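The primary structure of each chain is shown beneath.
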Number of protein chains: 2
Amino acid sequence: MLRNDITVAIRNAVMSELAEVGYGRLSIEAVARRAGVGKTAIYRRWSNKLEMVLEIITDVAGRKVPVPDTGSFADDLDLLMMIVSRALQHRVASQIIPDLMAEAARNPQIAETLQRVLRLHQQSVGEKLVGQAIARGELPEGTDADVAVDLILGPLYWRLAVSRQPIDGDYLEKLAAAVLGSLRGGSAKSK
Amino acid sequence: MLRNDITVAIRNAVMSELAEVGYGRLSIEAVARRAGVGKTAIYRRWSNKLEMVLEIITDVAGRKVPVPDTGSFADDLDLLMMIVSRALQHRVASQIIPDLMAEAARNPQIAETLQRVLRLHQQSVGEKLVGQAIARGELPEGTDADVAVDLILGPLYWRLAVSRQPIDGDYLEKLAAAVLGSLRGGSAKSK
DNA sequence: ATGCGGCGGAACGCAACCGTTACGTCGTAG
DNA sequence: CTACGACGTAACGGTTGCGTTCCGCCGCAT
């Protein structure tokens, strides 16, 4: 019944609007205006701003991220960092993600949704990667996957989404090398 | 002329309101309500929501952070991480900082203010610290301070302000050890 | 040919907030 | 005692957005 092209237009408008003004200031009327549809079309699909945003970002972020598995941890790491950095450099993503993260700190519904989406996908990627490396003997036995994930994603996120400095050609390599060194150094052991 | 107790009440109210609803939804009327003052008292001091917030956060964040200088890079690092993690665990800070960071991505005025405050204080701390360590010969000559700062602050910020997982007793130690290893590993060389 | 249903558009009453103004109170300086 | 100025309160007109309703249009299935 509901026309699909209209739905798509609304989804795109929501993403753009989220990027431009953030969740806090996102208004249904602005979404309708931007999508070139009537408010009725929106309320026919969702009953809330919150419900609408949650459904849409769940859908967008839920697309599976391929787990790098090149056979070598160093290469896996390079690849993962490239994928993540590419994602974080997309204009829309780099605006929406920090905004929703901040919003999650005060809205449990958003927090829970992001946790589901990010932790179950992206973060599990990191854990899987570390697991593979340990199994292959490339990382020390007791390596703490938790710490490892923070070490891998933290600097990238900080650089790209927070301090927003451009990354030049070999920055990624240097960072990957440093992360590799920190994990192999045998310091991030658990218990 | 302007009563100081009123000014203080407003400043506190702004911080609380920022933490609760974020910059996007912060309203002058809500601030006045919370501070128990009239809107006139606010407009007598600032002419804008933006101007008000900028002035207040500049003041709050501008308080100098002591640069750790224990004589040993490892101890400096431990200390710095403890200071930063403490700061990021304060409820108000952990809500306001990500919110303003996200807002900075779309408001140049906020971005510039945060850059001034954070980069000139916190970030320079990191660079100074690395500089000391290189001078003492504790880190390789060409260590890239840029990468080092990302490696130090990134994981902490990610953990505390983004993924918001609690840090147990020895997490900080493990993280510090890993960071130390990554820098000493001689990987984060410049050029 | 007819009818159903999604569509855009317009308007509704309601609420919040903007930035400004007028008013009356109160503490303090002179 | 008087005058000044900051204060809280209340109200202003104007804007924006909510969520709802009604209208007329149009595509599509029967």
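Just so it is clear, the structure is predicted and the values come from calculations on it, not from any experiment.

S.K.: Looking at this structure, how should I read the relation of the copies chain A and chain B?
M.R.: For the pair of chain copies, the relating transformation is a rotation about an axis with a translation along it. Taken as rigid bodies, chain A and chain B are interconverted by a rotation of 180° and an axial shift of 0.0 Å, the fit giving an RMSD of 0.0 Å. Classification of the inter-copy transformation places it as that of a two-fold axis. By residue overlap, the copies meet face to face through one surface: 100% of the interface positions of chain A are interface positions in chain B.

S.K.: Would you explain the domain arrangement of chain A in this entry?
M.R.: By a widespread convention, an interface's size corresponds to the accessible area lost as its parts come together. Residue and element names in this part refer to chain A. Splitting chain A by domain gives domain 1 (4-50) and domain 2 (62-184). Distance from the C-alpha centre of domain 1 to the C-alpha centre of domain 2: 30 Å. The partner domain 2 presents 10 residues to the eight residues of domain 1 that form the contact. Looking at the side of domain 1 facing domain 2, the largest losses of area belong to A19, Y23 and L50, adding up to 63% of the total buried there. On the surface where domain 1 and domain 2 come into contact, there are zero salt bridges. Where domain 1 packs against domain 2, one counts two residue pairs in polar contact (both at pLDDT 80 or more). With seven residues, helix α1 (residues 4-25) is the largest single contributor of residues to the side of domain 1 that touches domain 2. In the side of domain 1 that touches domain 2, the residues fall into five nonpolar, two polar and one charged.

S.K.: Where do I start with the packing of α1(A) against helix α4 (residues 49-61) of chain A in this structure?
M.R.: All names here are of chain A. Relative orientation of the contacting elements α1 and α4 amounts to 110°, with a least axis distance of 11 Å. By the criterion of interaxial angle, the relationship of α1 to α4 is roughly perpendicular. As for the relative orientation of α1 and α4, their crossing is left-handed in sense. Two secondary-structure elements touch here, α1 through R11, V14, M15, L18, Y23 and G24 and α4 through K49, L50, M52, V53, E55, I56, I57, D59 and V60.

S.K.: Help me understand the interface of chain A and chain B, please; the structure alone is not making it clear to me.
M.R.: In this complex, chain A contributes 48 residues to the contact, which on the side of chain B involves 48 residues. Roughly 3,900 Å² of surface becomes buried between chain A and chain B when both sides are summed, with 54% attributable to carbon and sulfur atoms. Residues D144(B) and K174(A) are paired through a salt bridge, measuring 2.6 Å at the closest nitrogen-oxygen approach. Taken together, the connections running from chain A to chain B amount to 18 residue pairs in polar contact (both at pLDDT 80 or more). Only α1, α6 (91-104), α7 (108-135), α8 (145-162) and α9 (171-184) of chain A provide two or more residues apiece to the side of chain A that touches chain B. No other element matches α8(A), which puts 11 residues into the side of chain A that touches chain B. Looking at side-chain class alone, the side of chain A that touches chain B contains 21 nonpolar, 12 polar and 15 charged residues.

S.K.: Just to check I follow, could you spell out the protein's contact with DNA strand C for this structure?
M.R.: The immediate surroundings of DNA strand C are formed by 18 residues, with R44(A), R45(A), I28(B), K39(B) and Y43(B) found nearest. The sugar-phosphate portion of DNA strand C accounts for 69% of its atoms within 4 Å of the protein, the bases making up the rest. In this structure, a phosphate oxygen belonging to DNA strand C sits 3.1 Å away from a main-chain N or O atom of R3(A). In this structure, K39(B) approaches DNA strand C through a side-chain N or O atom, which is 2.8 Å from a base oxygen. Tallied by class, the residues present in the surface near DNA strand C amount to seven nonpolar, five polar and six charged.

The rules behind each value
Residue positions are given per chain, counted from 1 along the sequence in the order it is written. Chains and ligands are labelled sequentially in the order written, the chains with letters from A and the ligands with numbers from 1. Residues qualify for local features only when their pLDDT is at least 70, as the model is predicted, and side-chain atom pairs are given and counted only at 80 or more; totals for whole chains, interfaces and linings, by contrast, use all residues. Processing note: side-chain calculations cover all non-hydrogen atoms of the structure and skip hydrogens and water entirely. All copies are superposed by least squares; the fitting set is the C-alpha atoms of residues with a pLDDT of at least 70 in both. Note on definitions: a residue-residue contact is assigned when non-hydrogen atoms from the two residues lie within 4.5 Å. Boundaries of every domain are those given by an automatic assignment or by a domain database. Here's the idea: put two parts together, see how much 1.4 Å probe accessible area each one loses, and the total over both is what we call buried area. The working definition used for a salt bridge is a side-chain nitrogen of Lys or Arg within 4 Å of a carboxyl oxygen of Asp or Glu. In the analysis that follows, any N or O atom pair within 3.5 Å is treated as a polar contact, provided that within protein one partner can donate a hydrogen and the other can accept it, and provided that, for residues neighboring in sequence, both atoms belong to side chains. Each helix is a run of DSSP H or I of at least 4 residues and each strand a run of E of at least 2, with the numbering of both proceeding from the N terminus. Any residue that is not Ala, Val, Leu, Ile, Met, Phe, Trp, Tyr, Cys, Pro, Asp, Glu, Lys or Arg is counted as polar, Gly included; the first ten are nonpolar and the last four charged. Here an angle of 0 to 180 degrees is reported between the N-to-C directions of two axes, which are lines fitted to C-alpha atoms, with helices fitted over the stretch in contact. The labels follow the angle: roughly parallel below 35 degrees, roughly antiparallel above 145, roughly perpendicular from 65 to 115, and oblique for the rest. Here is the rule for handedness: rotate from the far helix to the near one, and if that takes an anticlockwise turn smaller than a right angle the crossing is left-handed, while a clockwise turn gives right-handed. Any residue with a heavy atom positioned within 4 Å of a molecule or strand is treated as near that molecule or strand.

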